[in-house]
Amino acid sequence: MVDQRGAELLAAVDAAVEPIMHGPVHPGDGRPVVVAVVQAYFTFVDAAGQSSALLFESDVSHDEDVRTRVESASSQVADKIAVALVSSTGLSREHAVLLATALTAMARGAATHRYRTGGALGLEESVDLVARLCWGGVAGLARDRAAESTA
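Trainee: An account of the overall build of the protein is requested, with residue identities and associated values reported.
Mentor: What the protein contains, in helices and strands, is six helices and zero strands. Listing the helices and strands of the protein from first to last along the sequence gives α-α-α-α-α-α. By the burial criterion, 38% of the 151 residues in the protein qualify as buried. Partitioning the intrachain contacts of the protein with sequence separation of at least 6 by distance along the chain shows that 71% fall at a separation of at least 24. Total accessible area on the protein is roughly 8200 Å²; 57% of this is exposed by carbon and sulfur atoms.

Trainee: Pulling in residues and values, what's your account of the environment of A100?
Mentor: Counting through the fold element by element, A100 comes out in helix α5 (residues 93-116). Taking the relative accessible area as the measure of exposure, A100 reaches 0% and is therefore buried. A sequence separation of 23 residues divides A100 from V77, and the C-alpha atoms of the two residues are 8.4 Å apart. Beyond its immediate sequence surroundings of up to four residues, A100 is in contact with A78, I81, A82 and L85.

Trainee: Before we move on, could you go through the nonpolar core and cite the residues and values that matter?
Mentor: Core analysis: the largest hydrophobic core is formed by 33 residues, its most contacted members being V13, V37, V38, Y41, V77 and I81. Listed by contribution, the elements that provide at least two residues to this core are α1 (2-17), α2 (30-48), α4 (64-89), α5 and α6 (123-150). Sort the elements by how many residues they give to this core and α2 lands first, with ten residues.

Trainee: Report on α5, specifying residues and quantitative values.
Mentor: End to end, α5 covers 34 Å across 24 residues, agreeing with the expected 34 Å (1.5 Å per residue, within 8%). Here α5 has its buried residues at A96, A100, L103, T104, A107, A111, T112 and R114.

About the cut-offs
- Residues numbered from 1 in each chain as written.
- Predicted model: local features only at pLDDT ≥ 70, side-chain atom pairs only at ≥ 80, totals over all residues.
- Heavy atoms only, no water.
- Helix = DSSP H or I, 4+ residues; strand = E, 2+ residues; numbered from the N terminus.
- Buried < 20%, exposed > 50% of the residue type's maximum accessible area, 1.4 Å probe, protein only.
- Contact = heavy atoms within 4.5 Å.
- Areas by Shrake-Rupley, 256 points an atom, 1.4 Å probe, with all protein chains shown as cover.
- Core = buried A, V, L, I, M, F, W, Y, C linked by side-chain atoms within 4.5 Å.
- Expected span 1.5 Å × (residues − 1).

This is how it looks when you write it as structure tokens:
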């Protein structure tokens, strides 16, 4: 189940970052990717329901084999997003991995909260709100990069 859920989430994130994986990234290109990544998490949690907890917060991760599988899925997702962040912000790989992990944690936490509280906000509204928060941070990094290159 962990492997299946991890593969489903990775496939959704792959589809989200695909538009900017082949070629130069121009200002604004990253926003649809951030929205798609956040959408991937919300859609995944809605579809997987309680079984999404296997990847995100399960006690079964005390078992070393399960923990390795969960960490592998999370790491692969963060790596995909990090590649997009490096190309759109000029950050080092190490910085991008840390920020990708933060972005996924935010999307995962918000999606899980929405699921557990019965989704008082609709899916589209929730995705939009979280994506705007995430994009604000990524766009700020991209602006910083542009300002540094013109200075």
